[in-house]
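# Understanding the architecture of this molecule
Now for the letters of each chain:
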Amino acid sequence: LLSYSQSIAQFLADQDCKAIVIACNTASSVAAKALEDKFGSNIPIINVIDPVVDEVANSNLKKIAVIGTKQTIDSGIYKKRLQAKAPGLEVVSKATRSLATIIEEGLHSSTTLIQAIIDNYFQQEAFQRIDGIILGCTHYPLISHEFEHYFKKRVRVFNHPEIVVYQLYKILQEKQLLSDTIEQQTRFYFSDISLYFEETVRQLFGEEVQFEHLNLWD
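Everything numeric here is computed off the predicted structure, so don't read it as measured data. Residue indices begin from 1 for each chain and proceed along its sequence in written order. Where totals are concerned, whole chains, interfaces and linings use all residues; where local detail is concerned, this predicted model gives features only for residues with pLDDT of at least 70, and gives and counts side-chain atom pairs only at 80 or more. Excluding hydrogens and water, the side-chain values take into account all heavy atoms of the structure.

This part is about the pairing of strand β5 (residues 132–136). Regular strands show a simple pattern: their side chains alternate between the two faces of the sheet. Counting buried residues in β5 gives five out of five residues, a clear majority hidden from the surface. Burial of the side chains of β5 extends over both faces: Gly132, Ile134 and Gly136 are buried on one face and Ile133 and Leu135 on the other. Strand pairing requires that DSSP identify at least two bridges connecting the strands. Secondary structure counts use DSSP, requiring at least four H or I residues in a row for a helix and at least two E residues in a row for a strand, with both numbered from the N terminus. In the sheet, strand β3 (residues 63–68) pairs with β5 via five bridges, with the strands oriented parallel. Residue pairing across strands places Val66 opposite Ile134, the latter belonging to β5. Of the pairings in the sheet, the one linking β5 to strand β6 (residues 156–158) comprises three bridges and is parallel in character. The residue of β6 that forms the bridge with Ile133 is Val157. Clockwise travel from the first strand over the helix to the second, with the strands pointing away from the viewer, marks a crossover as right-handed. Regarding the hand of the β-α-β motif, the stretch spanning β5, helix α8 (residues 144–150) and β6 is right-handed. Burial classes follow relative accessibility: with a 1.4 Å probe on protein chains only, a residue under 20% of its type's maximum area counts as buried, one over 50% as exposed, and anything between as partly exposed.

Here it is in structure tokens:
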């Protein structure tokens, strides 16, 4: 993962990007510091963990749940950083492998299936009386409404995209890097293109999207 992340970041730096967002919790936990050390003096590097940790730490919550991939959860990065900034906060974590797989298979529109899996995870004693949840995988915001429905909006669901985009905006503003035009050109580069990813990107952007395949590993 570290090697992949470094190769991708180098490619983006070569495209003269003015900022790089590590849009993956697992990659953020493994590679953020290395990328900041290598590129940070020239290009702002924004990971998806620290902005969320800051938001949670300032929310006066008592007990927060963190879910994500096994590697993200095993790293303990959320718990360490949350408790460093909010020592009284209780943090419970769970690797929810089934959710990412289902979303990648394009089955996240099946409300019954998603609700059954969420219930299987969250009926466990450790998750009782939580008042916040971090969806620690960038797949999971696609089903954030399912978590809101499950908890009947009694639990605050922290939305990575909104929090990270605001952090990116602040950094670009501080460094006077904001664009002065609304015109944009969107380019999509994939190291591995699948039919699912093509369909998902087109659904999200609502337009015909051109993909370019990159072989960064050989």
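What follows is about the sheet that holds β3. With respect to topology, four strands assemble into an open sheet ordered β4-β3-β5-β6, the strand pairing being parallel. With one partner strand each, in any of the chains shown, β4 (90–95) and β6 form the two edges of the open sheet. With direction set aside, neighbouring strand axes in the sheet form an average angle of 20°. For every element, the axis is a line fit to its C-alpha atoms; helices are fit only across the contacting stretch, and the angle between N-to-C directions ranges from 0 to 180 degrees.

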